[in-house]
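Observations on chain architecture
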Amino acid sequence: MRFVQVNDIASVASELAVALRKRGHHVDLLYPKLHGAGLPPLGKLAVSPLRFVDWMRLAWRLRRGNYDAVHIHYAYLGIVGLLARVPYVLHCHGDDVRDVDRRVWAPLIRLALKRARHVYYSTPDLREALMRIRPDAEFLPNPIDIEQFHPCPLPPDAEDVLVACALAENKGVSNILAACRILAGARPEVRVTAVAGGSGTAEAESLPNVLLLMHQPRAKLPSLMARHRVIVGQVYQGAVGMVELESLACARPVVAWFTYPEAYEEPPPFVQALTGEAIAAAVTRLLEDPAEAARIGAESRAWVERQHNAVTIAGRIEALAIRLSR
């Protein structure tokens with residue numbers, strides 16, 4: 001079959017493309033130009049003519065591509081499918097549908113969702129928002145490349161803690177930095193690595209136990225995760241993203257706050273923590289008990305293989321495409 005993936009959010013589309021190709025399909029990836037993506041709402045409206053031109057470019061590509069399946073990522077980009085007048089599947093990823101009524105493109109998002117042949121959402125916290133518009137929306141676990149993100153033995157000079165998520169408010173950076181401050185006082189020998197970027201960067205840089213790295217290319221993430229004993233992920237919305245799942249795939253214990261266990265047949269093996277005190281306590285416990293950390297890491301890897309294997313997730317995409325083509 002001929003597939004096209006439009007847009008790439010957190011590498012989900014590119015992972016699906018690789019996995020679908022492994023299953024013998026042709027897959028194209030199309031990228032929007034996203035004019036004004038970093039602007040405030042009024043600024044985004046100001047550049048909307050540029051976006052419309054780009055939407056027409058993408059729509060033309062969809063019309064000319066003769067695709068069997070069109071898979072569009074991020075809700076408002078469903079307008080591209082509407083402009084192309086082709087059937088499309090819409091894949092939602094977070095802020096595109098969270099608090100949808102407050103979004104600049106709210107009418108467009110609702111229209112795109114209603115007209116889609118099928119709607120996926122990538123994290124279970126999006127279910128409630130989508131049920132009001134598309135009660136048939138389906139949770140599709142993010143595809144993880146379990147060959148690229150794989151277990152590695154801890155090196156002799158392994159570092160202590162990696163904060164894998166962005167230092168942003170919507171990831172729980174206030175609680176993460178509180179944990180770093182607690183560790184700096186109670187366990188000053190524990191070193192924390194974090195990646196710069198987000199509202200908490202300046203405060204993280206001021207802490208004596210935090211080493212800040214520049215933004216890391218995705219290809220370097222497996223080796224970065226492999227060098228750390230414990231991973232800290234997002235602790236805010238009750239859901240997690242690709243980087244936490246990739247950390248699980250690398251067989252590292254992941255401290256995170258996940259409140260949607262019912263989304264899976266078996267709940268994920270995150271080490272649950274929300275407050276700064278709880279995060280610091282979880283990190284300390286895992287560092288003091290390497291055997292327990294290794295056990296959780298092995299369980300984490302096995303869970304990702306069962307629930308998030310990219311090839312298995314691509315099989316679900318394939319099955320839907322076949323069903324919709326009949």
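Details of the structure are given in the entry above.
Residues numbered from 1 in each chain as written. Predicted model: local features only at pLDDT ≥ 70, side-chain atom pairs only at ≥ 80, totals over all residues. Heavy atoms only, no water.

Considering the overall build of the protein chain
Scanning the protein chain for helices and strands turns up 13 helices and twelve strands. Over its C-alpha trace the protein chain gives a radius of gyration of 21 Å, about what one expects of a compact globule, namely 20 Å for 326 residues. The principal-axis extents of the C-alpha atoms in the protein chain amount to approximately 60 × 45 × 35 Å. The buried share among the 326 residues of the protein chain stands at 55%. Taking the contacts inside the protein chain whose residues are at least 6 apart along the sequence as the reference set, 65% of them involve residues at least 24 apart. (Helix = DSSP H or I, 4+ residues; strand = E, 2+ residues; numbered from the N terminus. Rg over C-alpha atoms; globule rule 2.2 N^0.38 Å. Buried < 20%, exposed > 50% of the residue type's maximum accessible area, 1.4 Å probe, protein only. Contact = heavy atoms within 4.5 Å.)

Examining the nonpolar core
The biggest cluster of nonpolar side chains holds 79 residues, and the ones touching the most others in it are Leu62, Leu113 and Leu130. The greatest single-element share of this core, amounting to six residues, is contributed by helix 13 (residues 310–325). Setting aside anything within four residues of it in sequence, one finds Leu113 in contact with Leu90, Cys92, Val97, Val119, Leu130, Ile133 and Arg134. With 30 residues, the next largest nonpolar core counts Leu183, Ala194, Val232 and Val283 among its residues. (Core = buried A, V, L, I, M, F, W, Y, C linked by side-chain atoms within 4.5 Å.)

Focus: the sheet that holds strand 11 (residues 254–256)
Two orientations exist for strands paired in a sheet by backbone hydrogen bonds: parallel and antiparallel. On the basis of which strands lie adjacent, the open sheet formed by six strands has the order 9-8-7-10-11-12 and parallel pairing. In the strand order of this sheet, the two ends are held by strand 9 (210–213) and strand 12 (271–272), each with one partner. With two bridges connecting them, strand 11 and strand 12 associate as parallel partners. From the neighbouring strand, Val255 faces strand 12, where its bridge partner is Val271. (Pairing = 2+ DSSP bridges.)

The values are spatial; any link to function lies outside them.
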